[in-house]
Amino acid sequence: MSASRMRVLWLNSLTTPRAGYRQGKPHVILGGNNMARARLRTPLLGAVITALAAGAIFLGGAGAADAKDSAARIKNEQERFLDPQAPIGTEAKTSKTTSKKVEVDSPVQTKAANPDSASDLKALPTNDGGRWSSLPSLPSGSNAYHLIMGPGGKILLLAGSGNSSDVFDAGTFESYLWTPGSGAPTKLKTPTDMFCAGHMLLSNGDAIAAGGTAAYRTSNSAWKGSKALYTFDFDKGEFRRQDDMSDGRWYPSVINTRGGYALIVGGFDANGKNSDSSEVWNPYANKYDPQPGNREFPLYPHIFLTANAKYFYTGEGWIQPAEDAEGSQDFFQPGFWQPFNGNKFSKVNALTHPTRRGFGSACWLGSIRRQKLMVMGGGWPATSTTNVIDLDSSSSPKYTSGPSLRSAKAYVNCVQLPDGSVLEVGGGSANKIENASQEVGLLKSATSKSWTPMNPLPDGEHRLYHSMAFLADDGSVISMSSNPKGQARSDTVLRFEPPYLFKGERPSLSGLPAEITYGQTYSINVSSDVTKVIMMSPASPTHGFDANQREIPLQYADGKITINATTSLAPRGYYRLFAINANGAVSTAKWTRLT
């Protein structure tokens, strides 16, 4: 086949109409049945596509026409993802007249349903519905959208340019070091824009921030991902610049591997194109391991390390909603991915509303040993549905319908709790304060058929785009940040005490070794009424999701714990141990390192 013929066929593949798309407009294949066929790229196909995109095998080389084609493709691809500065899917197109230089911001009309129509939001006793209180607010305008918990409970809050192009242009990036309950956070010298990075706590005790924003989107330019990779030393309170990644990354996910390395997946690259590459950071050698297999995912893909050492992609991530009621959203096929074993991908079916799972959340249900995952909420329009999948149930597991949330919401957060329950909080039917949901729900166990109402968010509070919620060392849940469209952001920090903190005297836990090893048994000091000891991962949420949160019950008897876990169930690194007594009361956490 001639190079000119190959080029024509490739360009036609971008402009050929598909069912559900507006006819005649260029697009990239991102969803439906085409997704399963298009995602997995062999080395040969990847090389061909790379060469085509670069113009290397086009007749005449990479000329001006090729550059124009590439720019149009990038622009079109970005428009199929959420632009945080643009009105979201449930909001009708505005009739407001603006100049071409002014972003359509607010007001916008919406047909979104009342997000709390399913909840009467009654005040409940604390031992049934928990209790909300306020912690000192973050510094005004701090816009901390990324959180990494370090050994001992110190917390790194990354803000970067904080979703502000003016701050980005000024180069005044922000981050903070904070210990909950200790007062105001300490501002840190921040070398680059880590806004929209991927992150987690590394197994050596440092935080990692991969990527961020290299360029804001304008009428002439795409969002572009940074190649910068920084680690953060919690003891010294310092960022350390590491070698650049091979690809720029804006909205990547960072997932813990069995050995405690960082698997960095996806995001917009340095040119604003959705990346199909992944890479691995080795914290012990401060270098990159050989790159795993390539596969394209959405922004901030929801990916989990499973018990059989595969990675499960839930089908969720940040994908742009349809522009009108008749439009069709794209989606990525959920399934098992083996980036280190031939780049195999085995699809999973039966995810309901697959085109409405962007901006939802996902987490394990109770013990990681159950291997039950739930996806919840999303939009647009916002949905209250959930799906559950038992990854160990068969050789071909499928999603089933789970208990519906008590109101429809996107931007929802889910937090695993040490007693095996899951808390859902925040979100709304649209990214506007008037559409924010106050409703909070607790799924008491992995087998619960419905969500139990908790006391709602305090009056006047909202948790929408850019919100985060996480389990603190004292057993409470902390909720912060909210970035509604065209309205005031929230700098408030809220503390929720679950019902298990009101079950009488709390148990005690001490004497935990600084390091523990797989398969070994250790004596610890606990109250006489303790019946369970649970190991929980440190928190690293952003955008309502934490790929690395997990609960691992340990073998416990007569004041001794046995680390009866594999590296797939509990990757090497830092953990928090909680003791639970016969009444269901939960202790304060103690930290240790699993080696």
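Computed from a prediction, not measured in an experiment: that's the story for all the values here.

**Concerning the pairing of strand β4 (residues 174-178)**
Looking along a regular strand, one sees the side chains alternate between the two faces of the sheet.
Thought 1: With respect to burial, β4 is a largely interior element, four of its five residues being buried.
Thought 2: Taken together, the five bridges between strand β3 (residues 155-160) and β4 define a ladder with antiparallel strand orientation. Its bridge partner lying in β4, Gly160 is registered against Glu174.
Thought 3: Pairing between β4 and strand β5 (residues 186-189): four bridges, direction antiparallel. Bridging across to β5, Leu177 finds its partner in Thr186.

**As for the nonpolar core**
Looking at soluble globular proteins, one finds that nonpolar side chains tend to be buried together.
Thought 1: Of all hydrophobic cores here, the largest spans 49 residues; its most connected members are Met535 and Ile561.
Thought 2: Taken together, the elements giving at least two residues each to this core come down to β13 (262-265), β16 (303-305), β17 (311-313), β18 (335-338), β20 (361-364), β21 (372-376), β35 (530-536) and β39 (573-581).
Thought 3: Beyond its immediate stretch of four places on either side in the chain, Met535 contacts Ile516, Arg550, Glu551, Ile552, Leu554, Ala570, Tyr575, Arg576, Leu577 and Leu594.

**Remarks on the sheet that holds β5**
The strands making up a sheet associate through hydrogen bonds between their backbones, and the pairing can be parallel or antiparallel.
Thought 1: Judged by pairing direction, the sheet is antiparallel, and its four strands sit side by side in the order β2-β3-β4-β5 without closing on themselves. At either end of the open sheet lies a strand with only one pairing partner, and these are β2 (146-149) and β5. Averaged over all pairs of adjacent strands, the angle between their axes in this sheet comes to 25°, without regard to strand direction.

**Concerning the confidence of the model for the protein**
Thought 1: Chain-level statistics for the protein give a pLDDT mean of 82 and a share of 78% at 70 or above.
Thought 2: Segment residues 1-66: pLDDT under 50, and 87 contacts once partners within four positions in sequence are set aside and those in other chains are kept.
Thought 3: Counting interchain partners and residues more than four positions distant, the pLDDT-below-50 stretch residues 80-113 has 81 contacts.

**Points about the side chain of Glu296**
Thought 1: Position of Glu296 among the secondary structure elements: in the loop between β15 (287-289) and β16.
Thought 2: The class for Glu296 is buried, based on a relative accessible area of 4%.

**Re the pairing of strand β25 (residues 422-425)**
Thought 1: A two-sided burial pattern is seen for β25, the buried positions comprising Val422 and Glu424 on one face and Leu423 and Val425 on the other.
Thought 2: Taken together, the four bridges between strand β24 (residues 413-416) and β25 define a ladder with antiparallel strand orientation. Residue Val415 lies in a different strand from β25, and its bridge partner there is Leu423.
Thought 3: Bridge count for β25 against strand β26 (residues 440-443) is four bridges, and the pairing is antiparallel. Pairing of Val425 across the sheet is with Val440, part of β26.

**Here we look at empty space enclosed by the protein**
Thought 1: In this structure the tally under the stated criterion is six cavities of 30 Å³ or more.
Thought 2: When its volume is computed, the largest cavity comes out at roughly 190 Å³.
Thought 3: Around the largest cavity, the lining is made up of 19 residues, and of these Leu201, Asn256, Ser537, Pro538 and Asn548 lie nearest the centre.
Thought 4: When contributions to the lining of the largest cavity are tallied by element, the ones reaching two or more residues are β6 (198-201), β12 (253-256) and β39.
Thought 5: At three residues, β39 tops the list of elements feeding residues into the lining of the largest cavity.
Thought 6: Residues of the lining of the largest cavity, tallied by class, amount to 11 nonpolar, six polar and two charged.

**Overview of the environment of Lys224**
Thought 1: Along the chain, Lys224 falls in strand β9 (residues 224-225).
Thought 2: Each C-alpha atom, one on Lys224 and one on Lys273, is 7.9 Å from the other, the two residues being 49 residues apart in sequence.
Thought 3: The residues contacting Lys224, other than those within four sequence positions of it, are Gly212, Thr213, Ala214, Ala215, Trp250, Asp269, Ala270, Asn271 and Gly272.

**Digging into unusual backbone geometry**
Thought 1: Positive phi, normally seen in glycine, also occurs at Ala350, with a value near 80°.
Thought 2: Positionally, Ala350 belongs in the loop between β19 (344-347) and β20.
Thought 3: What makes Ala350 partly exposed here is its relative accessible area of 41%.
Thought 4: A positive phi angle is found at His353, which is not glycine, with a value near 50°.
Thought 5: Mapped onto the elements, His353 comes out in the loop between β19 and β20.
Thought 6: Given the relative accessible area of 33%, His353 is considered partly exposed.

**Points about the sheet that holds β17**
Thought 1: Taken together, the four strands give an open sheet; going across it, the order is β16-β17-β18-β19, and neighbouring strands pair in antiparallel fashion. Lying at the two open borders of the sheet, with one neighbouring strand each, are β16 and β19. Strand-to-strand twist across the sheet, computed as the mean angle between neighbouring axes with direction ignored, equals 25°.
Thought 2: Relative to β19, β18 runs antiparallel, the two being bridged by four bridges. The residue bridging Trp337 from the neighbouring strand is Phe345, located in β19.

**Comments concerning the packing of aromatic side chains**
Thought 1: This structure, assessed with the given rule, holds 24 aromatic pairs.
Thought 2: Judged by centre distance (4.9 Å) and plane angle (70°), the rings of Trp281 and Tyr288 are edge-to-face.
Thought 3: Aromatic side chains Phe304 and Trp364 sit 5.6 Å apart centroid to centroid with 70° between the ring planes, which places their arrangement in the edge-to-face category. Placement of the pair is Phe304 in strand β16 and Trp364 in strand β20, with a sequence separation of 60 residues.

**A closer look at the pattern of salt bridges**
Thought 1: Going through the model one piece at a time under the given rule, you end up with 14 salt bridges.
Thought 2: Note that Lys187 and Glu174 form a salt bridge whose closest N and O atoms lie 3.3 Å from each other. Note that Lys187 is positioned in strand β5 and Glu174 in strand β4, a separation of 13 residues in sequence.
Thought 3: We note a salt bridge from Arg463 to Glu461, for which the minimum N-O separation is 3.8 Å. Each member of the pair, Arg463 as well as Glu461, is classed as buried.

Reading the values: rules and limits
- Residues numbered from 1 in each chain as written.
- Predicted model: local features only at pLDDT ≥ 70, side-chain atom pairs only at ≥ 80, totals over all residues.
- Heavy atoms only, no water.
- Buried < 20%, exposed > 50% of the residue type's maximum accessible area, 1.4 Å probe, protein only.
- Helix = DSSP H or I, 4+ residues; strand = E, 2+ residues; numbered from the N terminus.
- Pairing = 2+ DSSP bridges.
- Core = buried A, V, L, I, M, F, W, Y, C linked by side-chain atoms within 4.5 Å.
- Contact = heavy atoms within 4.5 Å.
- Axes fitted to C-alpha atoms, helices over the stretch in contact; angles between N-to-C directions.
- pLDDT = per-residue confidence, 0-100.
- 1 Å grid on protein atoms, 1.4 Å probe; cavity = no way out; pocket = protein on both sides within 12 Å on 5 of 7 lines; lining within 4 Å.
- Points joined across faces, edges and corners; volume = space filled by probe spheres on them.
- Nonpolar A, V, L, I, M, F, W, Y, C, P; charged D, E, K, R; others polar.
- Phe/Tyr/Trp six-rings, centres within 6.5 Å; stacked < 30°, edge-to-face > 60°.
- Salt bridge = Lys/Arg side-chain N within 4 Å of Asp/Glu carboxyl O.

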